[in-house]
Amino acid sequence: MNRSFSGLLPGRSSQPGKRVLPGFALSLGISLFFISVVLILPVTGLIAHTAGMGWEQYWAVITDERVVASYKVTLWTAALAAIINALVGLLLAWVLVRYEFPGKRIMDALVDLPFALPTAVAGITLAALFAQDGWYGQFFDLLGIKVSFTPLGIIVAMSFTSLPFVVRTVQPVLEDQAPEDEEAAVSLGATDWTVFRRILFPAIWPALLTGIGLSFCRSLGEFGAVIFIAGNMPYVSEITSLMIFVRLQEFDHAAASAIASVVLMASLVLLLGINLWQARYLRRLHGR
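What comes next concerns the included structure. (Residues numbered from 1 in each chain as written. Predicted model: local features only at pLDDT ≥ 70, side-chain atom pairs only at ≥ 80, totals over all residues. Heavy atoms only, no water.)

Looking at the overall build of the protein
Okay, step 1: The number of helices and strands found in the protein is 14 helices and zero strands.
Okay, step 2: Mapped in sequence order, the helices and strands of the protein form the string α-α-α-α-α-α-α-α-α-α-α-α-α-α.
Okay, step 3: Seen through its C-alpha atoms, the protein measures out along the principal axes to roughly 65 × 55 × 35 Å.
Okay, step 4: Counting only residues that meet the buried cut, the protein has 34% of its 288 residues in that class. (Helix = DSSP H or I, 4+ residues; strand = E, 2+ residues; numbered from the N terminus. Buried < 20%, exposed > 50% of the residue type's maximum accessible area, 1.4 Å probe, protein only.)

Things to note about the nonpolar core
Okay, step 1: Of all hydrophobic cores here, the largest spans 24 residues; its most connected members are Ile-154, Ala-157, Met-158, Val-226 and Ile-239.
Okay, step 2: At the level of secondary structure, the elements contributing two or more residues to this core comprise helix H4 (65-98), helix H7 (119-129), helix H9 (151-176), helix H11 (192-220), helix H12 (224-230) and helix H13 (240-249).
Okay, step 3: Per-element accounting of this core gives the leading share, five residues, to H12.
Okay, step 4: Dropping the residues within four chain positions of it, Val-226 is found in contact with Ile-154, Ala-157, Met-158 and Ile-239. (Core = buried A, V, L, I, M, F, W, Y, C linked by side-chain atoms within 4.5 Å. Contact = heavy atoms within 4.5 Å.)

Considerations on the packing of aromatic side chains
Okay, step 1: One pass over the structure, following the stated rule, counts nine aromatic pairs.
Okay, step 2: Between the aromatic rings of Phe-115 and Phe-165, the centroid separation amounts to 5.2 Å while the plane-to-plane angle is 75°, which identifies the pairing as edge-to-face. On the criterion of sequence distance, the pair formed by Phe-115 in helix H6 (residues 113-116) and Phe-165 in helix H9 is long-range, its members being 50 residues apart.
Okay, step 3: Under the relative-accessibility criterion, Phe-115 is labelled partly exposed at 46%. (Phe/Tyr/Trp six-rings, centres within 6.5 Å; stacked < 30°, edge-to-face > 60°.)

Section: the pattern of salt bridges
Okay, step 1: Counting across every chain of the model gives six salt bridges.
Okay, step 2: Between Asp-112 and Arg-168 there is a salt bridge whose closest N-O contact spans 3.0 Å. Of this pair, Asp-112 sits in the loop between helix H5 (104-110) and H6 while Arg-168 is found in helix H9, placing the two residues 56 residues apart along the sequence.
Okay, step 3: Take Asp-112: its relative accessible area is 30%, and that puts it in the partly exposed class.
Okay, step 4: Of the charged contacts in the structure, one is a salt bridge between Arg-218 and Glu-222, with a shortest N-O distance of 2.4 Å.
Okay, step 5: We classify Arg-218 as partly exposed; its relative accessible area is 25%.
Okay, step 6: Glu-222 sits in the buried class, given a relative accessible area of 2%. (Salt bridge = Lys/Arg side-chain N within 4 Å of Asp/Glu carboxyl O.)

Observations concerning unusual backbone geometry
Okay, step 1: Of note in the backbone geometry, Tyr-235 takes a positive phi value of approximately 70° without being a glycine.
Okay, step 2: In this structure, Tyr-235 sits in the loop between H12 and H13.
Okay, step 3: Tyr-235 sits in the partly exposed class, given a relative accessible area of 48%.
Okay, step 4: Phi angles above zero are rare outside glycine, and Phe-251 is one such case at about 60°.

As for helix H3 (residues 55-62)
Okay, step 1: Of the residues making up H3, those classed as buried are Tyr-58, Val-61 and Ile-62. Looking straight down H3, one finds that the buried residues subtend no more than 90° of arc, so they occupy a single side. (Arc of directions from axis to C-beta.)

Structural notes on the side chain of Ser-237
Okay, step 1: Its place among the elements puts Ser-237 in the loop between H12 and H13.
Okay, step 2: Polar contacts involving the side chain of Ser-237 include one to the main-chain amide nitrogen of Asn-232, which spans 3.2 Å.
Okay, step 3: When near neighbours in sequence (up to four residues on either side) are disregarded, Ser-237 contacts Val-73, Thr-150, Pro-151, Ile-154, Ala-230, Gly-231 and Asn-232. (Polar contact = N/O pair within 3.5 Å; in protein donor to acceptor, adjacent residues only side chain to side chain.)

So, H9
Okay, step 1: Across its 26 residues, H9 extends 38 Å between first and last C-alpha, which sits within 8% of the 38 Å expected from 1.5 Å per residue.
Okay, step 2: Of all the bends found along H9, the most pronounced is centred on Ser-162 and spans about 45°, while Pro-164, a proline, follows it within four residues. (Expected span 1.5 Å × (residues − 1). Bend = angle between axes of the 7 residues up to and from the residue.)

A word on a nonpolar patch on the surface
Okay, step 1: A cluster of nonpolar side chains, Phe-33, Phe-34, Ile-35, Val-37, Val-38, Leu-39, Ile-40 and Leu-41, forms an exposed patch at the surface whose accessible area comes to about 780 Å².
Okay, step 2: For Ile-40, the location among the structural elements is in helix H2 (residues 24-51). (Patch = residues over 30% accessible without salt bridge, like charges linked within 9 Å, V, L, I, M, F, W, Y side chains within 5 Å. Areas by Shrake-Rupley, 256 points an atom, 1.4 Å probe, with all protein chains shown as cover.)

Following this line, the structure appears as structure tokens:
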């Protein structure tokens, strides 16, 4: 076997008996313990809080008129934020991969700012910027558009917090896409739209779709960045995360857990669908 590839096979090492990380049993045990403590236990606690409720009581809580209105607001604003991020994220990933310019590293680092910035800080900042007398809001006010304390503010906050998911899923695929293919197509007379439609998009659309799905899931559970800019008006700009918080403020932990379970199930179903689709796509891609 070629020595240059032998170390890449699972379970093989270029130096037998030496491992950088612990063996399989210890690594798996640590991983399962961490997942149990960080993921499974909180979900179990959520289920335990709802277990004491009867089905009729559970159904009454999650189908309350105000709660259903919050579902609708959360879904359509999250969907619009994901669409906006698809367009802006694709363009931003393209710029970062295909062009060299001063400040590129800074721009690339700023993409991850929503991950590092506390969401409450982001919400307060966005609310101030897009207020009627804010740096951005004053220009929107001239056009008769109000951003802060409206559903439009929710979309802005969700877009801000979930944009990195699209950029970071599309960027590696674009880096692997050789620009020579695009240059060859242009040299043969293909238009820019044809190059994008026939060469670029088929290679990046699985990653783009995954990024959109992750962005949507992130927006479904957003809280800190949204409540400061949304206005939180029932039936207008009240999101599901706020309804959970309201129930907690009323010390109705069972109702809060019931509403949270709806968001959890929606996110899990969507993430499971994305993973199943990815597995199916990879099998078709490799002809299996």
